[in-house]
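Residue-level structural notes
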Amino acid sequence: MTSSVVEPVARNHGRPAGGRGGASDVAGVLVLGGCAVWALIAALGRPARPEGVLLAVLAVAAGYACGRIAGSLLPVASAAAAGLAGFVLACTSPYGLTGHEGPGAAQLTLATGAVCCASWAAPRAFRPALWLSAAAITLTAVVSGATAGAAAGGAVLLLSLMAARPRRLPALAGCALVAAVAVGGTWMVAEDAVPGGLPSTLRTRLTEHRIGLWQDAARIGATDPVRGAGPDRFGELSSAVPQPAGLEAKPHSAPLQQAAGQGLPGVALLGAAFGWLLHALWRSPRPTPVVLTAGAALTALAVVSCLGNALSFSQITAGAGLLAGLATARRPDDGSGALP
């Protein structure tokens, strides 16, 4: 009886005492509201299409709200069901596991993260089955040739297995640092500012076409660093996009897409949204392993979104919000801020 109480409390080290998450909720409203308003400002007076950004903001908010509700009522079942649904969606979507590295890798990453969160929240007797399910998702990605999905999902699984020991704040700070390095590296490639030049192996992996898209995005964003060229105008302004531009005429990098469409304030708001999610996880009443697993999955998603157009798909943004909501949910009987 005593050990069952002490164990979850020990796992919550690093969370601010008595933290209710109210400040995080207010910050989330302000950040998401700012993203929506700035998209409209950037589109003002131009033939721009801010609908995609508005839909992404709505998807994150809806997913987060659903995750908070489901996680407060059925923390294990809802996380496991979310992981299974994400995996099925990745396997059955028109893009498939390998047809489009961006959304495919993102779906596999979020699915693995959700199942790992369910494992840490479940009683010990059920954990092996859930760990095996998470491993099966990663193995499926490996067998199907989904390299990015396998790498991201495998990293989330490995970090989740080690999530019982690290302290919450330093680990989440590390997540922020990894995301910042990914953004900085992408920007350096786009500006052709990599010291010594980009290694040929990495250039081959990224492909010349994608590098050309990044360079065009940086060039377009530099023409108006404040408002950019307007949301969803990249296809018509980029010389690297075949004309007529199709539905996937994106820079294949979320921060560069923000820079091209909404200027530096758009990039800052995207970073603020990620920072809000990490702050919400830091203030979460859930056990630290659950929090750090969700943080690892969202960080892997951030890295994937720097290298592809994963965030251009509403199911991905909704899934990210759902996972964050599950990892920050409070039980109805948790009136004092104690662990569920």
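Here we summarise the structure given alongside this text.

Let us look at the overall build of the protein chain. Per the secondary structure count, the protein chain includes 14 helices and zero strands. Listing each helix as α and each strand as β along the protein chain from the N terminus yields α-α-α-α-α-α-α-α-α-α-α-α-α-α. In the protein chain, which comprises 340 residues, the proportion classed as buried is 49%. Considering only contacts within the protein chain whose residues lie at least 6 apart along the sequence, 80% involve residues at least 24 apart. As displayed, the protein chain has an accessible area near 14800 Å², and 71% of this comes from carbon and sulfur atoms.

Right, let's talk about the side chain of Thr-328 for a bit. By secondary structure assignment, the location of Thr-328 is in helix H14 (residues 314-328). A distance of 3.4 Å separates a polar atom in the side chain of Thr-328 from a polar atom in the side chain of Tyr-64. Setting aside residues no more than four positions away along its own chain, Thr-328 makes contact with Tyr-64, Arg-68, Ala-280, Leu-281, Ser-284, Pro-285 and Arg-286.

With that out of the way, let us pick up unusual backbone geometry. Of note in the backbone geometry, Asp-192 takes a positive phi value of approximately 55° without being a glycine. Looking at where Asp-192 falls in the secondary structure, it is placed in the loop between helix H8 (168-190) and helix H9 (200-206). A relative accessible area of 58% means that Asp-192 is categorised as exposed. Even without being glycine, Thr-207 reaches a positive phi, approximately 80°. Tracing the backbone shows Thr-207 in the loop between H9 and helix H10 (208-223). Taking relative accessible area as the criterion, Thr-207 reaches 35% and is therefore assigned partly exposed.

Inspection of the secondary structure puts Ser-314 in helix H14. Here Ser-314 falls in the partly exposed class, since its relative accessible area comes to 32%. Residue contacts for Ser-314: discarding those within four places in its chain leaves Leu-55 and Ala-59.

A pair can form between side chains of opposite charge whenever their charged atoms are brought close. For the structure on display, the rule yields eight salt bridges. Between Arg-49 and Glu-236 there is a salt bridge, and its shortest N-O distance comes to 3.7 Å. Taken together, the residues Arg-49 in the loop between helix H2 (22-43) and helix H3 (51-73) and Glu-236 in helix H11 (residues 234-237) connect sequence positions 187 residues apart. Classification of Arg-49 by relative accessible area gives partly exposed; the value is 37%.

Further remarks concern the packing of aromatic side chains. One pass over the structure, following the stated rule, counts two aromatic pairs. For the ring pair Trp-120 and Trp-131, a centre distance of 5.6 Å and an interplane angle of 90° mean the geometry is edge-to-face. Of the two residues, Trp-120 is situated in helix H5 (residues 101-121) and Trp-131 in helix H6 (residues 127-144); the sequence distance between them amounts to eleven residues. Classification of Trp-120 by relative accessible area gives buried; the value is 10%. What makes Trp-131 buried here is its relative accessible area of 18%. Between Arg-283 and the ring centre of Trp-282, over which it is positioned, the NZ or CZ distance is 5.7 Å.

Procedures and definitions
- Note that residues are indexed from 1 along each chain, following the sequence as it is written.
- The model is predicted, so local features are restricted to residues of pLDDT at least 70 and side-chain atom pairs to those at 80 or more, both for listing and for counting; the totals for chains, interfaces and linings are taken over all residues.
- The side-chain numbers reported here are obtained from all heavy atoms of the structure, hydrogens and water having been left aside.
- Secondary structure elements follow DSSP: runs of H or I no shorter than four residues count as helices, runs of E no shorter than two count as strands, and numbering proceeds from the N terminus.
- Only protein chains enter the area calculation, which uses a 1.4 Å probe; residues under 20% of their type maximum are buried, those over 50% are exposed, and those in between are partly exposed.
- For this analysis, residues touch if any pair of their heavy atoms sits within 4.5 Å.
- Only the protein chains shown count as covering a residue, and every accessible area follows the Shrake-Rupley method with a 1.4 Å probe.
- Under this definition, polar contacts are N or O atom pairs within 3.5 Å; protein pairs additionally need one hydrogen-donor-capable and one acceptor-capable atom, and for neighbouring residues in sequence, both atoms have to be side-chain atoms.
- Each salt bridge in this description consists of a side-chain nitrogen of Lys or Arg and a carboxyl oxygen of Asp or Glu lying within 4 Å of one another.
- Stacked, edge-to-face and tilted are the three classes for Phe, Tyr and Trp ring pairs, Trp counted by its six-membered ring, which pair at centre distances within 6.5 Å; planes under 30 degrees apart are stacked, over 60 edge-to-face, the rest tilted.
- Charge-over-ring placement is defined geometrically: NZ (Lys) or CZ (Arg) within 6 Å of the ring centre, and within 35 degrees of the ring normal.

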